[in-house]
Amino acid sequence: YANADFGFSFNYPAGFRASELADEDSLTILVEAPGAGRGFQISIAAFDEPGPLTAERIRRDLPEKVIRDPREVSLGGVPALAFSSREEAVGDTYEVWLVHNQALYQIVAPAEFGEELSKIMATWNFR
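For the structure given in this document, a descriptive report is provided here. (Residues numbered from 1 in each chain as written. Predicted model: local features only at pLDDT ≥ 70, side-chain atom pairs only at ≥ 80, totals over all residues. Heavy atoms only, no water.)

Structural notes on the pattern of salt bridges
Condition: Put simply, a salt bridge is a Lys or Arg side-chain nitrogen that is within 4 Å of an Asp or Glu carboxyl oxygen. Here a strand is any run of E in DSSP of at least two residues, a helix any run of H or I of at least four, and the numbering for each starts at the N terminus. Burial status follows relative accessibility: with a 1.4 Å probe on protein chains alone, a residue under 20% of its type maximum counts as buried, one over 50% as exposed, and anything between as partly exposed.
A complete count under the given rule lists ten salt bridges for this structure. Here R17 and E32 are joined by a salt bridge, their closest N and O atoms 3.8 Å apart. Here E32 lies in strand 4 (residues 26–33) and R17 lies in strand 3 (residues 17–22), a separation of 15 residues in the sequence. Given the relative accessible area of 47%, R17 is considered partly exposed. Under the relative-accessibility criterion, E32 is labelled partly exposed at 24%. A salt bridge links R57 to E49; its shortest N-O distance comes to 2.6 Å. Using a relative accessible area of 12% as the deciding quantity, one classes R57 as buried.

In structure tokens, the structure reads:
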């Protein structure tokens with residue numbers, strides 16, 4: 001997958017497909033294996049603060065957000081925050097959040113897809 005507007009790319013497994021839903025203020029990318037119920041979502045929106053994000057910074061805007069086991073990681077050379085959470089529609093999740101070029105990236109997958117998502121995120125590149 002490559003996105004020229006935000007300047008990033010990553011590899012995803014054979015048999016998966018990526019689709020985009022854009023509006024004026026954001027972009028959502030869904031990467032999934034059709035019919036298999038496996039995949040992840042990337043939400044990108046404008047963000048006017050510098051990174052890197054911290055658990056405390058996220059909690060300031062989203063005090064109800066569950067953030068378990070936060071750890072600093074790197075995504076394409078950009079500092080990011082990875083953590084476990086819980087989303088009502090999905091259940092337990094594995095998430096990676098980061099700020100790059102005035103955009104907030106929120107990458108969310110079901111917890112059971114977390115290990116595979118980590119492998120996919122290792123291929124992420126910003127140009």
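On we go from here.
Let's talk about the packing of aromatic side chains
Keep this limit in mind: Aromatic pairs are defined between Phe, Tyr and Trp rings, using the six-membered ring for Trp, whenever the two ring centres lie within 6.5 Å; interplanar angles under 30 degrees are classed as stacked, those over 60 as edge-to-face, and all others as tilted.
Counted according to the given criterion, the structure contains 16 aromatic pairs. Their ring planes at 40° and their centres at 5.8 Å tell us that Y1 and F8 sit as a pair that is tilted. Joined through ring pairs, the aromatic side chains of Y1, F6, F8, F10, Y12, F16, F40, Y105, F113, W124 and F126 make up one cluster.

Concerning the pairing of strand 6 (residues 68–75)
Here is the rule we go by: Note: two strands are recorded as paired if DSSP finds a minimum of 2 bridges between them.
As defined by bridge partners, strand 6 adjoins strand 7 (residues 78–87) across six bridges and the pair is classed as antiparallel. Looking at strand 7, one finds that R68 is bridged to S84. Between strand 6 and strand 7, which follow one another and run antiparallel, lie two residues, and G76 among them has a positive phi close to 60°.

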